[in-house]
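# Descriptive analysis of the structure
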Amino acid sequence: MALLDAQHRAMTDLINDLHQAVDGGADPEVTGKLFSELVAVTVQHFATEEALFPEVHYPEADHHRAWHHKLRKELAVLASEVASGWRKVDTDLIDWLKGWFVNHVVVADRPFALAVRGAFPDASIRNQAL
Ligand SMILES: [Fe+2]
Ligand SMILES: [Fe+2]
């Protein structure tokens, strides 16, 4: 699962960078840019996972896809509010981001990771495939 792991790592790094930037009182232009990068990486990550659902015969695909869809909509609203300057990236937003990210990786992705392992039992093939 090299690609999925790399995407999760990129998302973690961006959330941490954003947290540091907010704590350091960075310019809204800087935090806005990091936030839109995070949204782009997240949207791409969800698409990567969803493309794999049928391939690995993931039984909870519909539920997981619906959950991604809800988050995508929330992120799109936030992204436009941040881009227009109406909303500033603040610690409340960072806390929300951390909350769903942990929930995503620890709760929602766990049965999916098991399905991926079941479909690609050999780790080297799995890493090539993903
Ligand atoms: Fe994920
Ligand atoms: Fe997911």
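Residues numbered from 1 in each chain as written. Chains lettered and ligands numbered in written order. Predicted model: local features only at pLDDT ≥ 70, side-chain atom pairs only at ≥ 80, totals over all residues.

### A look at the environment of alanine 113
Short version of the rule: A run of H or I in DSSP counts as a helix once it spans at least four residues, and a run of E counts as a strand once it spans at least two, with each numbered from the N terminus. Any residue surrounded by 20 or more other C-beta atoms within 10 Å of its C-beta is treated as buried, while 12 or fewer makes it exposed and the intermediate range makes it partly exposed; C-beta atoms here are placed from the backbone.
Mapped onto the elements, alanine 113 comes out in helix H4 (residues 91-119). We classify alanine 113 as partly exposed; it has 15 C-beta atoms within 10 Å. Remark: the alpha-carbon pair of alanine 113 and lysine 98, spanning 15 residues in sequence, is separated by 20 Å.

### A look at the nonpolar core
Using the following cut-off: Think of a nonpolar core as buried Ala, Val, Leu, Ile, Met, Phe, Trp, Tyr and Cys residues chained together by C-beta atoms that fall within 7 Å. What counts as a contact here is a pair of residues whose C-beta atoms, placed from the backbone, lie within 7 Å.
Counting 9 residues, the largest nonpolar core is built from Leu14, Leu18, Val22, Phe35, Leu38, Val82, Val89, Ile94 and Leu97. Taken together, the elements giving at least two residues each to this core come down to helix H1 (2-23), helix H2 (28-52) and H4. Take this core: its biggest share by element is 3 residues, from H1. Ignoring any residue separated from it by four or fewer positions in sequence, one finds valine 89 in contact with Leu18, Val22, Thr31, Gly32, Phe35 and Val82.

### Some details on unusual backbone geometry
With a phi close to 55 degrees, histidine 57 is a non-glycine residue in the positive phi region. By the element assignment, histidine 57 lies in the loop between H2 and helix H3 (61-83). Judged by C-beta crowding, with 10 C-beta atoms within 10 Å, histidine 57 ranks as exposed.

### Here's the deal with the environment of leucine 14
Tracing the chain through its elements places leucine 14 in helix H1. In this structure, the C-alpha to C-alpha distance between leucine 14 and glutamate 74, residues 60 residues apart in sequence, is 18 Å. Contact partners of leucine 14, with chain neighbours within four places excluded, come to Leu34, Glu37, Leu38 and Val41.

### Looking at H3
The test is simple: Expected span of a helix, by definition, is 1.5 Å for each gap between consecutive residues, and there is one gap fewer than residues.
The first and last C-alpha atoms of H3 sit 32 Å apart over 23 residues, in line with the 33 Å expected at 1.5 Å per residue. Every buried residue of H3 is accounted for by His64, Leu75 and Val82. Elements in contact with the buried residues of H3: H2 and H4. Of the residues one or two after H3, glycine 85 is the one with positive phi, at around 85 degrees.

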